[in-house]
Amino acid sequence: MLTSLRYLAGTAGPSGFGSRTTAEEATAGDLGHITAIITGATSGIGAETARVLAKRGARVVVPARSLKAAEEARARLLADCPGADVVVLPLDLSSLASVRRFVARFLELGLPLNLLVNNAGKYADRFALSEDGVEMTFATNYLGHFLLTRLLLEKMAETARETGVQGRIVNVSSTIHSWFSGDDAVAYLDRVTRRKMYVPIPSLRFTLAYCDPFTCFRLKLPYDPTRAYALSKLANVLHTRALAEKLEEMKANVTANCVHPGIVRTRLIRDRDGLITNTVFFLASKLLKTIPQAAATTCYVAAHPAVAGVSGKYFADCNEAAPSRLAASSEEAARLWTFSDAITAEKVQKMGGVHAATAFRLQVQSSNADRAMAIA
Ligand SMILES: NC(=O)c1ccc[n+]([C@@H]2O[C@H](COP(=O)([O-])OP(=O)(O)OC[C@H]3O[C@@H](n4cnc5c(N)ncnc54)[C@H](OP(=O)(O)O)[C@@H]3O)[C@@H](O)[C@H]2O)c1
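Residues numbered from 1 in each chain as written. Predicted model: local features only at pLDDT ≥ 70, side-chain atom pairs only at ≥ 80, totals over all residues.

In the nomenclature of an unreviewed UniProt entry, the chain corresponds to Short-chain dehydrogenase TIC 32, chloroplastic from the organism Eragrostis curvula. Quoted verbatim from the Sequence similarities (unreviewed entry) field of the UniProt record, the comment on the chain reads "Belongs to the short-chain dehydrogenases/reductases (SDR) family." (UniProt positions renumbered as here; feature names shortened; annotations may be inferred.)

Structure, rendered in structure tokens:
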């Protein structure tokens, strides 16, 4: 209640910033010594994040699945920040092979890496599988970023060691992560990937007792895009938690935090464009953020001196906030990390799409078996 009132009033929290703070206001100082990779910087919150960081002097790497979109983003950045150092590289986060190619190309450039903003995201209205056989929202919003971060960790640790400047990783999640609860995340991902969305109907089980209750009396549910999106955003928070621990173990001078940017109209729900969406956004427009306000928390966590040394935390409206109970679970974070590590392993990738999907399912099953054994 208090949080909602503070949001509506735009009252500043302990950081001195609040829901109405813009990305420009949330950053301070010269960032000329920083090289940043910002995924999803071709539109929306990512584009504003890149603009503000470039304006403060940061070298900005803009990965994009369409080079045309990346070149247009570069042109916009240069128009706004003449002389900005902008590098564009191809990357499709839904493809693990593309992530590997992107990292190889980036490392070949011999650039340092101080900041990684895992911002790109999608809300997939229709069910689809990635080329690696994983549900598309999860593959794009989480799994691609997991692998990207994993492959860039050493470079970030090395840059921090050589420059003495603390590295930062910012995962862009959403408050919608809390809508995923009461289910086993990995098992749900397996069900949604295989489209086995069944619910039992207990009453029928008794009236038609001659049928096998586990096969006959279950209703197949359609793909639920909001639940799939919520799962991917929960994974972003759990990733942050496990990553912060991993960085500490590595003794890397790099922090990892995640953010909820706030609700703003962008191209995220482009699949749902139409009269109803337009009306809802029009009616709610006074409650929503602008894009500069929505990029504020990312920019604050990415570059503000007050966040130095802070790791493993969740931020909203430029202040530390509490994630959902499930998102705060270290056990769930460790389990998701192990699972993600196995599924992104190169040997699994080399098996190709269909076989990778099989390996994925086997991994889910063995992961569930491990869990059952741990509980036993
Ligand atoms: N808007 C909100 O209200 C809201 C609320 C909470 C959290 N968020 C989060 O904020 C982040 C940014 O979203 P946004 O609202 O700014 O949406 P947006 O305007 O649609 O931007 C999404 C960005 O991600 C990129 N992207 C999508 N799929 C990709 C892929 N497979 N490979 C590489 N890049 C890909 C898009 O590139 P293309 O141009 O190629 O499509 C675009 O640059 C997302 O993580 C989202 O979940 C948004």
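Caption draft 1: Local environment of the site of the ligand. Inspection of the region around the ligand gives 29 residues, with Gly 40, Gly 44, Ala 120, Gly 121 and Thr 266 positioned closest. Take the shell around the ligand: its biggest share by element is three residues, from helix α3 (residues 44-55). (Near = placed C-beta within 6 Å. Helix = DSSP H or I, 4+ residues; strand = E, 2+ residues; numbered from the N terminus.)

Caption draft 2: Fine view of the pairing of strand β4 (residues 115-118). Side-chain alternation along β4 places Leu 115 and Val 117 on one buried face and Leu 116 and Asn 118 on a second face that is also buried. Here β4 pairs with strand β5 (residues 167-172) via four bridges, running parallel. Looking at β5, one finds that Leu 115 is bridged to Arg 168. Crossover β4 to β5 through helix α6 (residues 136-163) is right-handed. (Buried ≥ 20, exposed ≤ 12 C-beta atoms within 10 Å, placed from the backbone. Pairing = 2+ DSSP bridges. Right-handed = clockwise from strand over helix to strand, strands pointing away.)

Caption draft 3: Quick look at helix α13 (residues 296-303). Across the eight residues that make up α13, a large majority, eight, are buried. Residues of α13 that are buried include every one of Ala 296, Thr 297, Thr 298, Cys 299, Tyr 300, Val 301, Ala 302 and Ala 303, and no others.

Caption draft 4: Main features of α6. For α6, built from 28 residues, the straight-helix expectation of 40 Å at 1.5 Å per residue is met to within 8% by its first-to-last C-alpha distance of 38 Å. A positive backbone phi angle near 75° is found at Gly 164, which sits one or two residues after α6. (Expected span 1.5 Å × (residues − 1).)

Caption draft 5: The arrangement of the sheet that holds β4 in detail. Here we have eight strands laid out as an open sheet, ordered β3-β2-β1-β4-β5-β8-β9-β10, and mixed in their pairing. Edge strands, defined here as strands with exactly one partner in the open sheet, are β3 (86-90) and β10 (319-321). Averaged over all pairs of adjacent strands, the angle between their axes in this sheet comes to 25°, without regard to strand direction. Note: β5 against strand β8 (residues 254-260), six bridges, orientation parallel. Note that in β8 the partner of Ile 169 across the bridge is Ala 256. Packing against the sheet, helix α10 (residues 225-250) makes contact with β5, β8 and β9 (314-316), and its axis sits at approximately 165° to β8. (Axes fitted to C-alpha atoms, helices over the stretch in contact; angles between N-to-C directions. Contact = placed C-beta atoms within 7 Å.)

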